[in-house]
Amino acid sequence: MAVAACIGVLLPFPFYYWVWNYPQMWMDLCGKGRDPSKFMASVSHFLKLLQFLSLLSVSSLSWLPPFYFWPLFLFGQFINFRSTFSLHYVVF
């Protein structure tokens, strides 16, 4: 079970590597009638669901998360917000 969970957790990374390094192959795979960006988003969401289910299959949930969860969670959200905010001014 742990090996399957490990594969499920790591599965998105080879996909992103392949799409990033071989974009023309991805465009060819999608075909002319399909938007490659939307199809990549659909595949990415499916892989993220598999990743989440893999983690859920080997985890044990508790009613209240440990104390260190909250500072780490808030720090992660802060980094996410700041990077998105920074990209907004770089791109637009």
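Residues numbered from 1 in each chain as written. Predicted model: local features only at pLDDT ≥ 70, side-chain atom pairs only at ≥ 80, totals over all residues. Heavy atoms only, no water.

J.: Can you walk me through the overall build of the protein in this structure?
T.: Of regular secondary structure, the protein possesses five helices and zero strands. When the elements of the protein are put in sequence order from the N terminus, they spell out α-α-α-α-α. Against the globule reference of 12 Å for 92 residues, the protein gives a C-alpha radius of gyration of 17 Å, more extended than a compact globule. Each of the three principal axes of the protein carries a C-alpha extent, and together these read 50 × 40 × 20 Å. Taken across its 92 residues, the protein has 13% of its residues classed as buried. The long-range fraction of contacts in the protein, counting pairs at least 24 apart against all pairs at least 6 apart in sequence, stands at 64%. (Helix = DSSP H or I, 4+ residues; strand = E, 2+ residues; numbered from the N terminus. Rg over C-alpha atoms; globule rule 2.2 N^0.38 Å. Buried < 20%, exposed > 50% of the residue type's maximum accessible area, 1.4 Å probe, protein only. Contact = heavy atoms within 4.5 Å.)

J.: I keep staring at the nonpolar core and nothing clicks. Help me out?
T.: It is characteristic of soluble globular proteins that their nonpolar side chains tend to be buried jointly. In this structure, Phe15, Val19, Trp26, Cys30 and Leu47 together form the largest nonpolar core, which totals five residues. Elements with a contribution of two residues or more to this core: α2 (12–21) and α3 (23–30). Every residue in contact with Val19, bar those within four places of it in the chain, is listed here: Trp26 and Met40. (Core = buried A, V, L, I, M, F, W, Y, C linked by side-chain atoms within 4.5 Å.)

J.: How do you make sense of the environment of Arg34 when you look at a structure like this?
T.: Assignment of secondary structure puts Arg34 in the loop between α3 and α4 (36–58). Judged by relative accessible area, Arg34 falls into the partly exposed class, the value being 42%. Remark: the alpha-carbon pair of Arg34 and Leu10, spanning 24 residues in sequence, is separated by 27 Å.

J.: Where do I start with the side chain of Ser44 in this structure?
T.: When you line up the elements, Ser44 lands in helix α4. Its relative accessible area of 13% is what places Ser44 among the buried residues. When residues no more than four places from it in sequence are discounted, the contact partners of Ser44 are Phe15 and Tyr16.

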